2 protein chains.
Amino acid sequence: MAPKWRELADRLAEQIRRGDYGPGAQLPQIRDLVEQGEGSKSTVHAAYKALEAEGLVTSSRGHGTVVRHQAPLKRLGIARYDKAKWRDSDEVAFIADRVASGRAYKRDEQTQTVSLVPAPAAVAEAHGLPEGASVYARARLVKEGTQPTHTLTSYYRPEHVEGTRIVDPAPGPAGRGGGFRVLYDAGYEIDHMQETLFARVPTSAEIQLLQLSAGEWVVELHRTTFTADGTVVEHAIGVHAATRFAWTYDFDVPDSSKSGDKPK
Amino acid sequence: MAPKWRELADRLAEQIRRGDYGPGAQLPQIRDLVEQGEGSKSTVHAAYKALEAEGLVTSSRGHGTVVRHQAPLKRLGIARYDKAKWRDSDEVAFIADRVASGRAYKRDEQTQTVSLVPAPAAVAEAHGLPEGASVYARARLVKEGTQPTHTLTSYYRPEHVEGTRIVDPAPGPAGRGGGFRVLYDAGYEIDHMQETLFARVPTSAEIQLLQLSAGEWVVELHRTTFTADGTVVEHAIGVHAATRFAWTYDFDVPDSSKSGDKPK
DNA sequence: TAGTGGTCTAGACCACTTC
DNA sequence: AAGTGGTCTAGACCACTAA
């Protein structure tokens, strides 16, 4: 038999999904359910904690426990990197996403800091540098309105970006066209990419920064960007609240028996 | 100040990462820590539950709480679909993965059932069918040794697979070359794919089936497979234990200003 | 100040595994 | 039977929010 707290949680989850409690609605208070005989305070609290871990509600002291607004998944496809967007106009990828999904763009929804740091292991490997070599890190926290959705940190080799707008201390996105445009202007036109995704438990710093609810996971995205001759010009690491995104990739079925390797 | 259970959990997590408790080692018993003054049983239990949610340990009644073996992430790239593997030899994708990573292959590591079912919404949409239309579902549970790692269910239109080995009740993988080979023999050569990934909380059925520890998430993968003329011949939905996989995609930076749409 | 959720305790009892 | 983690209770007290 399922524990009492699990049964209560399931019953409430069912009511939420049925719409008895709509987004923003307040769930009964813990003490009320205790009075109604749902169990002791710890038991009811365990049920509420489970609902929070499942992403259905958020609890906060003083306020109460309310049903979360389930923002539809934001779908990220490779079209967000379209050269036409950042080379021929002044859009940058994250703005293009916003435009495509009909959301308003505000300049302050992205903050960034640029600094020279020792390369973390994954970055060093992607760039073919010894671990700890100096690289420029451009860290952004991307928000949608007031809600942070993901962090994105791009790592560049100093010789590629020194003297460009990327290392310029001016605030806001890296200027007209974003980071890819800056690299393009510096003679490094990006050509192909590799993205790797995996899910993991957030660090406590990430829970704060991305305002994650208890038990919510993150998806880490590693993007390596190459020029046509195979030079790595950027390695970016993004940390996304797992509930808010979906990633889509289109590709041809490979055929190694034909033409050996496909020209990249 | 962090709660007492959080501090205890962090301290133990630190010791696990340092190697004080190696994989398979047993953590102190709850009652022992209570005696040592780490708090009441509930408090220590909360700490252990947190460690379990973070994927560091597994607890079970009767046994105790032991440090999990952290299997390295299995990396899935699009090379697993290489035509040379399933068309020209008798490998199937999941075996190819195994071979590539040097693991032994055993025939019984995949079980499957085939049935005619009403199409779920996502499947119907991908196939361009009305919701609830009849489709063949080929459901597999893939294991590595005794450990299940993911489920994968392929949905086919009846007119594409009727009379083929796919709907044959014979057990095991869909015969020589797998499902793609069967489609190829039936005149449907697969050409390109679209994959979509997102993370979510598992259902209770998935927790049992995939032997997930408490709080562990899953990644759902949707794969739509097309022939060269754009016909959808398969829509597959996979549910993966989130901690055990990473996905990698290589692609060219799109350029919509050149040549309109790229020929698929 | 009143009302919310969060933490903690001490102890009873249950479920499962091993001997 | 003994030993493990898991559930549950009743109640005290704490942290935060709003009026």
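By the naming in an unreviewed UniProt entry, chain A is Transcriptional regulator, GntR family, taken from Actinacidiphila yanglinensis.

Draft legend 1. Layout of the nonpolar core. Counting 50 residues, the largest nonpolar core has Ile190(A), Trp247(A), Tyr249(A), Ile190(B), Trp247(B) and Tyr249(B) as the members making the most contacts within it. Listing elements by their share of this core, those giving two or more residues are helix H8 (178-185), strand S7 (190-200), strand S8 (218-227) and strand S10 (245-252) of chain A together with helix H8 (178-185), strand S7 (190-200), strand S8 (218-227) and strand S10 (245-252) of chain B.

Draft legend 2. Summary view of the protein's contact with DNA strand C. If you check the shell around DNA strand C, you find 22 residues, and the closest are Gln29(A), Lys41(A), Lys4(B), Thr43(B) and His63(B). In DNA strand C, atoms within 4 Å of the protein come 65% from sugar and phosphate. One of the side-chain nitrogen or oxygen atoms of Ser42(B) is found 3.4 Å away from a base nitrogen of DNA strand C. Counting residues per element, the ones that place at least two in the surface near DNA strand C are helix H2 (30-35), helix H3 (41-53), strand S1 (57-60) and strand S2 (64-67) of chain A together with helix H1 (4-18) and helix H3 (41-53) of chain B. Per element, the largest residue contribution to the surface near DNA strand C is three residues, and it comes from H3(A). Residues of the surface near DNA strand C, tallied by class, amount to three nonpolar, 14 polar and five charged.

Draft legend 3. Broad picture of the relation of the copies chain B and chain A. The transform that puts chain B on chain A rotates by 180 degrees and translates by 0.0 Å along the axis, for an RMSD of 0.1 Å. Within this description, the copies of the chain are treated as partners about a two-fold rotation axis. Residue by residue, 100% of the interface of chain B is reproduced at the interface of chain A, so both copies engage with the same surface.

Draft legend 4. Local environment of the UniProt feature "domain: HTH gntR-type" (unreviewed entry) in chain A. Within this numbering scheme, the UniProt entry marks residues 2-70 of chain A as carrying the feature "domain: HTH gntR-type" (unreviewed entry). Helix and strand shares over residues 2-70 of chain A are 49% and 12% respectively, and the end C-alpha atoms of the span are 27 Å apart.

Draft legend 5. Structural context of the environment of Ala199(B). As for its position among the elements, Ala199(B) is in strand S7. Take Ala199(B): its relative accessible area is 6%, and that puts it in the buried class. Sequence separation between Ala199(B) and Ser42(B) is 157 residues; the distance between their C-alpha atoms is 31 Å. If we skip the residues at most four places from it in the chain, Ala199(B) touches Val219(A), Ala242(A), Trp217(B), Val218(B) and Val219(B).

Draft legend 6. Highlighting the protein's contact with DNA strand D. Contacts to DNA strand D come from 22 residues, most closely from Lys4(A), Thr43(A), His63(A), Gln29(B) and Lys41(B). In DNA strand D, atoms within 4 Å of the protein come 63% from sugar and phosphate. Interatomic distance of 3.4 Å between a backbone N/O atom of Trp5(A) and a phosphate oxygen of DNA strand D. Residue Ile30(B) places a main-chain N or O atom 3.3 Å away from a phosphate oxygen belonging to DNA strand D. Within the residue set of the surface near DNA strand D, elements represented by two or more residues are helix H1 (4-18) and H3 of chain A together with helix H2 (30-35), H3, strand S1 (57-60) and strand S2 (64-67) of chain B. Of the residues belonging to the surface near DNA strand D, the class tally is three nonpolar, 14 polar and five charged.

Draft legend 7. The pattern of salt bridges, seen in detail. Residue and element names in this part refer to chain A. For the coordinates displayed, the defined rule picks out 26 salt bridges over all chains. Here Arg-6 makes a salt bridge to Asp-10, at a shortest N to O gap of 3.1 Å. Taken together, the positions of Arg-6 and Asp-10, both in helix H1 and four residues apart, correspond to about one turn of that helix. Residue Asp-10 is classed as partly exposed on the basis of its relative accessible area, which comes to 40%. Among the ionic pairs, Glu-206 bridges to Arg-200, the shortest N-O distance being 2.8 Å. Judged by relative accessible area, which is 14%, Glu-206 ranks as buried. Shared partners join several salt bridges into a network, and the residues in it are Arg-6, Asp-10 and Glu-54.

Criteria and cut-off values
- Residues numbered from 1 in each chain as written.
- Chains lettered and ligands numbered in written order.
- Predicted model: local features only at pLDDT ≥ 70, side-chain atom pairs only at ≥ 80, totals over all residues.
- Heavy atoms only, no water.
- Core = buried A, V, L, I, M, F, W, Y, C linked by side-chain atoms within 4.5 Å.
- Buried < 20%, exposed > 50% of the residue type's maximum accessible area, 1.4 Å probe, protein only.
- Helix = DSSP H or I, 4+ residues; strand = E, 2+ residues; numbered from the N terminus.
- Near = heavy atom within 4 Å.
- Polar contact = N/O pair within 3.5 Å; in protein donor to acceptor, adjacent residues only side chain to side chain.
- Nonpolar A, V, L, I, M, F, W, Y, C, P; charged D, E, K, R; others polar.
- Least-squares fit on C-alpha atoms with pLDDT ≥ 70 in both.
- Contact = heavy atoms within 4.5 Å.
- UniProt positions renumbered as here; feature names shortened; annotations may be inferred.
- Salt bridge = Lys/Arg side-chain N within 4 Å of Asp/Glu carboxyl O.

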